[in-house]
Amino acid sequence: MSQIIILKDEIYKWDNAQKICDLIISAAVEVGSSDIHIEPLSNVVRVRFRIDWILKEIVEYQTFIHQQIVARYKILSNLKIDESRMPQDWRISTTIDDKWLDLRVSTLPTVHWEKIVMRIVDKSKKIPALEVLWIEWHNGKVLEKAIFQPNGIVLTSGPTWSGKSTTLYACLTKLNNPDVNIMTLEDPVENTIDGVNQSQVFPDIWYNFANWLRTALRQDPDIIMVWEIRDKETINIAIEASLTWHLVLSTIHTNSAAETITRILNMWVQSYLLPASVNAIMAQRLIRKLCPHCKKKIKAEELNKTMRDHVTNTIKRINKEELISRVDPEILKNPVFYEANWCEHCDNSWYSWRVWIYEVMEITQSLKEYIIKGESSVAINEAAIDSWMISLEMDWIIKALNWVTSLDEAYSAVKDN
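Asks: How would you sum up the environment of C171? Please name residues and give values.
Replies: Within the element layout of this structure, C171 appears in helix α5 (residues 164-175). In this structure, the C-alpha to C-alpha distance between C171 and L392, residues 221 residues apart in sequence, is 20 Å. Those residues in contact with C171, other than ones at most four positions away along the chain, are L130, L143, I147 and L249.

Pasting the structure below:
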């Protein structure tokens, strides 16, 4: 937090815009921020950092220095300094405290001058092993089975900053060996993996996902990773690739594994092609872990009735073998949960880092029949749970039973599913 203290002291030295710009970035990196928001209001300019999903106001400065700061960031990211009426975006590559960073800079005209948002991608971070991503027990078995198939499609879905790219990178690292040709098209390339042929999308010259896929199939690939499936053309080429003996990994923006099936069918994919090509679909969320220094115990009977009923009904649907394998039987007899409190260790945020929750849907024979018949996503989801799928809610409650996170924190991430 020392950089934030310095930032608050230096921000009013209006004759040193360059140092202020550098301090804003270094302070954000120090506290683990994913995004920097520099927002002009009517009388001041507000600087906020997104830390563990939550936007936190860090400092304000006077408006008369704002144009200097905007100009500095535009120079760093090769944007047009004299263009303030149109949005612009580009990237800054820099090194701070021995960390190689990629900052995606976006400017937006507002009624009060230009707003700047910078997304921070730490390229120096080591790609985690698949085994440490909290893809536990049945979920882990289904995913490993899916990615070690010689062909097919494996999709992961979830909102922005839910860790989709981290999951895909972990899968690629697991699959990476001299016997296979792995190719990726990314937007942007966040981490480099030795032995993997990684490429960067350039939409300005029509080097997009669909066009790259056509080229990739002429490069004798075994495994293809497409950063995102956005349209009918891309999903159709991905299906074609999977049916011609390639393994395809990708992301898609949906709320759940079952809704992903509906989304693909809405892209005018024939219903018989989807079960023939897709191995597994994941949905994931990144939620905050409880701070071990200040978390507060709460018994099941102390929960409000709505939450207590939801937890009880969800636990009943979890496969018994899964439940006993992942939760201490003594805890199950008298469930105890923990909720957020406050201490100096978690810096007033009540939490002290993040953890993934997953659902991994294996496209089994019974689900294939549901898809071909055109059943709703609700019916497909229920059938998958009956076949042992661990839903996001189930994974959340298991982690809450193990005192990793609170019920309120995880519920906020999955309540709309």
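Next comes the rest of the account.
Asks: Can you break down the pairing of strand β4 (residues 88-96) residue by residue, with the values?
Replies: Where β4 lies against strand β5 (residues 99-110), nine bridges are found, and the strand directions are antiparallel. Paired with T94 across the bridge in β5 is L101. A loop of two residues connects β4 with β5, the two strands running antiparallel in sequence, and D97 in this loop sits at a positive phi of about 50°.

Asks: Talk me through the packing of helix α8 (residues 257-265) against helix α14 (residues 377-386); I want residue IDs and the actual numbers.
Replies: The geometry of α8 relative to α14 is characterised by a closest axis approach of 8 Å and an angle of 140° between their N-to-C directions. The orientation of α8 relative to α14 falls into the category oblique. Pair α8 / α14 crosses with right-handed handedness. Contact with α8, carried on its side by A258, E259, I261 and T262, involves S377, I380 and N381 of α14 and no other residues of that element. Tallied by class, the residues present in the contact of α8 with α14 amount to three nonpolar, three polar and one charged.

Asks: Requested: an account of the packing of aromatic side chains, with residues and values cited.
Replies: Taken as a whole, this structure holds three aromatic pairs when the rule is applied. The interplanar angle of 55° and the centroid separation of 6.1 Å between the aromatic rings of Y169 and W227 together place this pair among those described as tilted. Here Y169, found in helix α5, pairs with W227, found in the loop between β10 (223-226) and α7 (232-243); they are 58 residues apart in sequence, far enough to count as distant. In this pair, the class of Y169 matches that of W227, namely buried. Just above the ring of W137 sits the side chain of K141; from NZ or CZ to the centre is 4.0 Å. The lysine or arginine in question, K295, covers the ring of Y338, its NZ or CZ lying 5.1 Å from the ring centre.

Procedures and definitions
- Residues numbered from 1 in each chain as written.
- Predicted model: local features only at pLDDT ≥ 70, side-chain atom pairs only at ≥ 80, totals over all residues.
- Heavy atoms only, no water.
- Helix = DSSP H or I, 4+ residues; strand = E, 2+ residues; numbered from the N terminus.
- Contact = heavy atoms within 4.5 Å.
- Pairing = 2+ DSSP bridges.
- Axes fitted to C-alpha atoms, helices over the stretch in contact; angles between N-to-C directions.
- Parallel < 35°, antiparallel > 145°, perpendicular 65-115°, else oblique.
- Left-handed = near helix turned anticlockwise from the far one by under 90°.
- Nonpolar A, V, L, I, M, F, W, Y, C, P; charged D, E, K, R; others polar.
- Phe/Tyr/Trp six-rings, centres within 6.5 Å; stacked < 30°, edge-to-face > 60°.
- Buried < 20%, exposed > 50% of the residue type's maximum accessible area, 1.4 Å probe, protein only.
- Lys NZ or Arg CZ within 6 Å of the ring centre and 35° of its normal.

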